[in-house]
Every structure is written in structure tokens, then in C-alpha cells.
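Okay, here's what each chain looks like letter by letter:
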Amino acid sequence: MSINYRNLTCSTADALVIYLLEDNLAVSNEELNKNIKFAEERELFKGKNGEIYRFTRALDNTIQTVVLVGLGKEENLTLDNVREATGKGVKKVKALGLKNIFLRVPHTEKINLEELIKTMATSAELASYTFNKYKTSEMEEKELNISISRCGIKEATKEIEEAINEGVEVAKGIIIARNLVNEPSNVIYPETLAEEAIKVGKESGFEVEVHGVDKIKALKMEAFYNVAKGSSKEPKLIVMRYFGDKDNKDNVLGLVGKGLTYDSGGYSIKPTDSMLDMKSDMGGAASVIGAMSIIAKRGLKLNVIAVVAACENLISGEAYKPGEVIGTMAGKTIEVVNTDAEGRLTLVDAVHYIITEEKVNEVIDLATLTGAALVALGETTTAVVTNNQNFFEELKSASEYTGDKMWQLPAFDDYKKLIKSDIADLKNSGGRFAGTITAGLFIEAFVQDKPWLHLDIAGTAWTSKNSDLGVKGGTGAPVHTLYELAKRRSK
Ligand code: BES
Ligand code: MN
Ligand code: ZN
């Protein structure tokens, strides 16, 4: 599925999606107005946010489906309302089998035109996303042909074109992440994940270097290797580099994504139901690859290096076992009390590597790390642990713009006691209490006081339900926020 943004008009489209504010239900076309008024009088459509109403009208020699989508009151209008309305409208039109769609940009003083159009473009792409490639019976999906404009405007201005381009590129980055997460683990494993990163790097303009098991051992990434060695699939250390600000080569933002292409739990084995969706345990890796693609494609003026320690957590004669004491690239020792707390083991070596070998100044790690994050915040909100409040505020501000919800958890020193080991420097699980916090603080022990943000996306990288802007499966969160944070730095 892909969307082409061709120049349809309000009267050549098969479907016309009209966004309406609750306090201004009028459009300039009299015939449309009459219909809107009837719908309002019969209390079928009032313009409330989330509302949708459809009717058909006759044009000169054809008929057109008109879909009204509500934005709520203008004083409360946000980009999130625009996202929801677009998602509902596009999904409706697509379900009707219509292909040529005109999205009529609403008139409002509250949000500027380019922001509206960019958001509509991103949302239209995301709403039409599906992952049906393995259904042999599924009919080839029709390409949507969407125009985003206002009735009467003949040619899009350069600013409008540019807003649409950016909006589409953002969505494409999110979709890269969704696809990687949705691919089953027999298709995406460390080697093929690395190949995908190389492909995305070539298409969008960043460099990718992939290291195999010999280099991983030579670097003394013992924690990473211990997780990986239970699988016959070779682990890969994937390094992605984008230098958009060559005059400031010493200033580099580091991204680390958890890349467990499958997590069975190892000998601390997961129950069947929990194991089912564990192909999604590389959601962090998928997010950084998706974000890198947008950052590079947009040519942002900053430097970003991303690292993924990709492997599988399986059971075999080679696999690590509960009770073992293992080393790390940083030299610290770890008592493995639970082989299912594997993500943090791969992450601490990746974090140490990106700081010492790639020389980044700051680190954001993204990981589907704890079921506890799901218990605490559900599927909608990413849990954040940090050692730097300013860095968190920067993330929060970007996320408020993109709509990716984030919530900071406390990181009091007391919690560190929970991951002290009797036999080694640290143990890899602090038990049931404060599981998301202790997992974060485990990683903090390896960040060498660099400004650091830990995003636990166990809840948000995957969804069990279809929504206005997506379907069950990988969500691509929080790719948009990573891009937005980078973009704000690039100015
Ligand atoms: N990949 C899981 C976390 C997870 C759970 C992601 C549910 C997505 C949905 C992680 O490796 C894990 O198993 N964490 C354990 C940690 C525990 C053993 C300390 C967990 O959350 O149970
Ligand atoms: Mn696990
Ligand atoms: Zn895991």
C-alpha cells in the first residue's frame, strides 16, 4: 500500500473528507452545506471530535461519497484531534473500496496550515497501513490516491508540497519500524535485521557497519554474547552512523535499540501465551532504524549514531543459565538470576560500546524491556527513566507535539539496592517490585554519567488492538518523537 499525492479536486475525487469544527459546521459550497445542516438537525453529526458521518451526493456525471469528520471545539483543537479525524476518515473511505480521496484541510486560526497538512499526510499514511503479506488469499490492495488541499486551490504551493513530503517521510519511517516488528522471527533474525538496516541506510543516506560474533568477542561484549550463544543464529552488532553536522563531529547523539529478534525467556522460560508475540522484542531496534531513516532523509543538521546488539534468547546446550556470573564490556560482573531479564544484558554492552567506541555525548536507549511497564502504564504510554531532567524535558516536549505519550518514573537511589548481588557487582533482576525502574537503573550503571534517557516501550511498541492510525501489531512508537527531538536540535 502506498499513497500518491496527486492533484484531485473536490469534485473529481470519489470521496471527499471534510473536517468540521463543532462551532463552525459550515463550508463554502451551498449544496454541501445543506446536507451538513440536515445531518446536524437530525443529530447525526455535530462536529464532536471522533464523530463521523457519511452521505452520497450526485455530481455532474458521477456520484461522490462525502465523509464528515469532527474536530470538536476550535478552542480545544490539537494535532491529536486532526490525527484521529484523519484516521477515522481514511479508514472509512478505504473500507468502502474508494480510491481517489480528497482530504479538505480545515479552516482554523489555531494551527498553521503547514502543520495541519503535514499531520494529515502522516495520519493518512498510517491509517491505511496493513500487514497482509502472508495472507495468500488477500486480494492485492488498491493504491490510494490522496490529495490534501482546499477546494478551489488549483496548484499546491511549495510550502504545502514540502509539508506533505515531510508528513509522508515521517510516516514511512514509522512504517519501517512497524514492518520490522511485524515480520515473524523466522524472517527477521539478527542477520536479516542487519541486512534491513543496510538497505534502509542506503535508501535514506546513513552508513551501516555490521559486526559478527568474532568482533563481539574481541570487544569483550560478554553480557551480549552470553544471551546470544543459546541460539544457532549468529548475533550481530549493528552500527548506524549519520553525520549531518560535520563541523561539530564531537557532538553526537547516541541511540541504542534493544534487538532481541526473539525472546523465549531462555531457561527462565516464558509461558506459551507470553512467548507468542516475542518476535516484537526488537521494537527498540526497529524504532532506531525507522528514526535514522527519517533523520537522514530529511538531511537534519546533527550527528546521530545508533547501535543495536541483535540476537535471540533461546534454550540449548550452549545457552546461559540462571545462577551464572558473567562479565561485561565495561568490566562489571553480573549475576544472572533470571535468563528472561536478557534485554538489559545486551543493552549494557551496547551502551558501553556506543560511549567508549563511538564517542557519543548522550544516550537514548529504547527497549521492550519489562512487562511491568505494561502493568504500570498500559499500551499507550512509554515509561521513561533518566539521570538528566533537562534531557527528559526535551523529550517530553517533542512527545507532546507528536502525540507519543511518555511518563517519567522515579529513580531514587533506594531502588538500586534491589539490583545489588551477593556474589557479583549487580544482578540482572530486582524481582517483582518496581520492575521497570530497576531495569532502567541497571542500565544507568553503565552510562558513565552521560545524559541518558531510558524508554521502556514494552507497552507501546506493540498493540493488541486496531486503532484509528494503525492495526494490531507493531506501532512504530516512538519513531516520530525521536525524529522530532532530532529536528528541534537541527535548527
Ligand atoms: N521482552 C521482555 C519484556 C516484555 C514483556 C516485552 C511483555 C513486551 C511484552 C523482557 O525480556 C522480559 O522478559 N522481562 C522480564 C523481566 C523480569 C524477568 C525481571 C519481565 O518483564 O517479566
Ligand atoms: Mn525476556
Ligand atoms: Zn526481552
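Each residue is numbered by its place in its chain's sequence as written, counting from 1. Here every chain gets a letter starting at A, and every ligand a number starting at 1, in the order they are written. Residues qualify for local features only when their pLDDT is at least 70, as the model is predicted, and side-chain atom pairs are given and counted only at 80 or more; totals for whole chains, interfaces and linings, by contrast, use all residues. To get the side-chain values, take all heavy atoms of the structure and skip hydrogens and water.

Peer 1: So what about the overall build of the protein? Which residues, and what values?
Peer 2: Each helix is a run of DSSP H or I of at least 4 residues and each strand a run of E of at least 2, with the numbering of both proceeding from the N terminus. Scanning the protein from terminus to terminus reveals 14 helices and 19 strands. In terms of overall size, the protein behaves like a compact globule, its C-alpha atoms giving a radius of gyration of 24 Å where 491 residues would be expected to give roughly 23 Å. For the C-alpha atoms alone, the extent of the protein along its principal axes is close to 80 × 50 × 40 Å. Across the 491 residues that make up the protein, the buried fraction comes to 55%. Every residue pair with non-hydrogen atoms within 4.5 Å of one another is taken to be in contact. Within the protein, contacts between residues separated by at least 24 positions form 77% of all contacts whose residues are at least 6 apart in sequence. Where accessible areas are quoted, they stem from the Shrake-Rupley method and a 1.4 Å probe; at the residue level, only the protein chains shown are allowed to cover. For the protein, the exposed area adds up to about 20,900 Å²; of that, 48% sits on carbon and sulfur atoms. A gap of 2 Å separates the mean positions of the 61 positive and 70 negative side-chain charges of the protein. Our radius of gyration looks at C-alpha atoms and nothing else; its globule reference is 2.2 Å times the residue count to the power 0.38. Here the term buried applies to any residue with accessible area under 20% of the maximum for its type, exposed to any over 50%, and partly exposed to those in between, with areas from a 1.4 Å probe on protein chains only. Positive charges come from Lys and Arg alone, negative charges from Asp and Glu alone, with His and the N- and C-terminal ends not counted. To locate a charge, the coordinates of NZ of Lys, CZ of Arg, CG of Asp or CD of Glu are taken.

Peer 1: Lay out the domain arrangement of the protein in plain terms, naming residues and giving numbers.
Peer 2: Start and end points for every domain follow an automatic or database-based domain assignment. Structurally, the protein comprises domain 1 (2-128) and domain 2 (171-489). With centres defined by C-alpha atoms, the gap from domain 1 to domain 2 works out at 38 Å. Contact residues are listed per partner, giving 14 residues for domain 1 and 14 residues for domain 2. As a working definition, buried area equals the accessible area (1.4 Å probe) given up by two parts on being put together, with both sides summed. Where domain 1 abuts domain 2, roughly 1,200 Å² becomes buried across the two surfaces, and 54% of that area is made up of carbon and sulfur atoms. Among the residues domain 1 hides against domain 2, the three largest losses belong to Arg-83, Lys-91 and Leu-126. Together they make up 47% of the total. Salt bridges are defined by distance alone: a side-chain nitrogen of Lys or Arg within 4 Å of a carboxyl oxygen of Asp or Glu. Joining domain 1 to domain 2, the criterion identifies one salt bridge. Asp-468 serves as the salt-bridge partner of Lys-88, at 3.3 Å between the closest nitrogen and oxygen. Polar contacts, as counted here, are pairs of nitrogen or oxygen atoms within 3.5 Å of one another; within protein the pair requires one atom able to donate a hydrogen and one able to accept it, and residues that are adjacent in sequence qualify only if both atoms are side-chain atoms. The tally of links between domain 1 and domain 2 comes to eight residue pairs in polar contact (both at pLDDT 80 or more). Among the secondary structure elements, those contributing two or more residues to the side of domain 1 that touches domain 2 are helix H2 (79-95) and helix H3 (113-127). Looking at the side of domain 1 that touches domain 2, its residues break down into three nonpolar, three polar and eight charged. In the scheme used here, Gly and all other residues not listed as nonpolar or charged are polar, with Ala, Val, Leu, Ile, Met, Phe, Trp, Tyr, Cys and Pro taken as nonpolar and Asp, Glu, Lys and Arg as charged.

Peer 1: Residues and numbers for the sheet that holds strand S10 (residues 303-313), please.
Peer 2: Here a strand pair is declared whenever DSSP counts at least two bridges between the two strands. The strand order across the open sheet built from eight strands is S7-S8-S10-S9-S13-S17-S14-S15, with neighbouring strands paired in mixed fashion. At either margin of the open sheet sits one strand with a lone partner, and together these are strand S7 (207-211) and strand S15 (405-408). Here the strands of the sheet are splayed against their neighbours by 20 degrees on average, with no regard to which way each runs. The sheet strands contacting helix H5 (residues 190-204) are S7, strand S8 (236-243), strand S9 (252-263) and S10, and the helix crosses S8 at an angle near 15 degrees. Packing of helix H12 (residues 389-402) onto the sheet brings it into contact with S9, strand S13 (362-367), strand S14 (381-386), S15 and strand S17 (452-456), and relative to S17 it is tilted by some 45 degrees. All axes here are fitted lines through C-alpha atoms, helices being fitted over the stretch that makes contact, and every angle between N-to-C directions spans 0 to 180 degrees.

Peer 1: Can you break down the nonpolar core residue by residue, with the values?
Peer 2: The set of buried Ala, Val, Leu, Ile, Met, Phe, Trp, Tyr and Cys residues whose side-chain atoms join them within 4.5 Å is what this entry labels a nonpolar core. Counting residues in each nonpolar core, the largest one holds 55 residues, and the members touching the most others are Leu-193, Met-240, Leu-255, Ile-289, Ile-364 and Leu-455. Residue contacts for Leu-455: discarding those within four places in its chain leaves Ile-364, Asp-365, Leu-366, Ala-367, Thr-382, Ala-383, Val-384, Leu-395, Met-406 and Pro-478. Within the second largest apolar cluster, 48 residues are counted, among which are Ala-228, Cys-311, Phe-446 and Ala-458.

Peer 1: An account of the environment of Phe-391 is needed here, citing residue identities and associated values.
Peer 2: Mapped onto the secondary structure, Phe-391 falls in helix H12. C-alpha separation for the pair Phe-391 and Arg-83, spaced 308 residues apart in sequence, amounts to 27 Å. Leaving out residues up to four positions away in the same chain, Phe-391 has contacts with Leu-253, Glu-362, Val-363, Ile-364, Pro-451, Trp-452, Leu-453 and Arg-489.

Peer 1: Please set out the coordination of the zinc ion (ligand 3) residue by residue, giving values where relevant.
Peer 2: The donor set covers N, O and S atoms within 2.8 Å of the metal, switching to 3.2 Å for Na, K and Ca, and it leaves out water, so a site may look short of donors. Taken together, Lys-258 (NZ), Asp-263 (OD), Asp-281 (OD) and Glu-342 (OE) make up the protein donors of the zinc ion (ligand 3), found 2.0 to 2.4 Å from the metal. Considering all six donor atoms around the zinc ion (ligand 3), the spread of angles at the metal, 78 to 173 degrees, places the coordination shape in the octahedral class. Motif for the zinc ion (ligand 3), donor spacing along one chain: K-x4-D-x17-D-x60-E. The metal-metal distance between the zinc ion (ligand 3) and the manganese ion (ligand 2) is 3.2 Å, with Asp-263 coordinating both. On the criterion of sequence distance, the pair formed by Asp-263 in strand S9 and Asp-281 in the loop between helix H8 (272-275) and helix H9 (283-297) is long-range, its members being 18 residues apart. Of the two residues, Asp-263 and Asp-281, both sit in the buried class. Four donors are marked tetrahedral only if all angles between them lie between 85 and 135 degrees, whereas four are marked square planar and six octahedral if opposite donors are more than 155 degrees apart and the other angles lie between 65 and 115; the remainder are marked irregular.

Peer 1: Lay out the state of the cysteines in plain terms, naming residues and giving numbers.
Peer 2: The rule for a disulfide is simple: a pair of cysteine sulfur atoms within 2.5 Å. Counted by the stated rule, this structure contains one disulfide. In this model Cys-10 forms its disulfide with Cys-151; the gap between the sulfur atoms is 1.7 Å. Around the S-S axis, the bridge from Cys-10 to Cys-151 shows a dihedral of about -70 degrees and counts as left-handed. On the criterion of sequence distance, the pair formed by Cys-10 in the loop between strand S1 (3-4) and strand S2 (15-20) and Cys-151 in the loop between strand S6 (144-149) and helix H4 (158-182) is long-range, its members being 141 residues apart.

Peer 1: Can you tell me about the UniProt feature "domain: Cytosol aminopeptidase" (unreviewed entry) in the protein, naming the residues and giving the values?
Peer 2: UniProt's entry tags residues 338-345 with the feature "domain: Cytosol aminopeptidase" (unreviewed entry), counted in the numbering of this structure. With 38% helix and 0% strand, the stretch residues 338-345 has end C-alpha atoms that lie 11 Å from each other. UniProt positions are given in the numbering used here, feature names are shortened, and annotations may be inferred rather than shown by experiment.

Peer 1: Which residues make up the pattern of salt bridges, and what values do they have?
Peer 2: Scanning the entire structure with this criterion turns up 31 salt bridges. As a salt-bridge pair, Glu-162 and Arg-298 come within 2.4 Å of each other at their nearest N and O atoms. Here Glu-162, found in helix H4, pairs with Arg-298, found in the loop between H9 and S10; they are 136 residues apart in sequence, far enough to count as distant. Overall, the relative accessible area of 37% leaves Glu-162 in the partly exposed class. Glu-166 is paired through a salt bridge with Lys-487; the nearest N and O atoms lie 3.0 Å apart. With Glu-166 in helix H4 and Lys-487 in helix H14 (residues 479-490), the pair connects residues that are 321 residues apart, well separated along the chain. Owing to a relative accessible area of 16%, Lys-487 belongs among the buried residues under this scheme. Counted as one network, the salt bridges with shared partners bring together Glu-115, Lys-118, Glu-166 and Lys-487.

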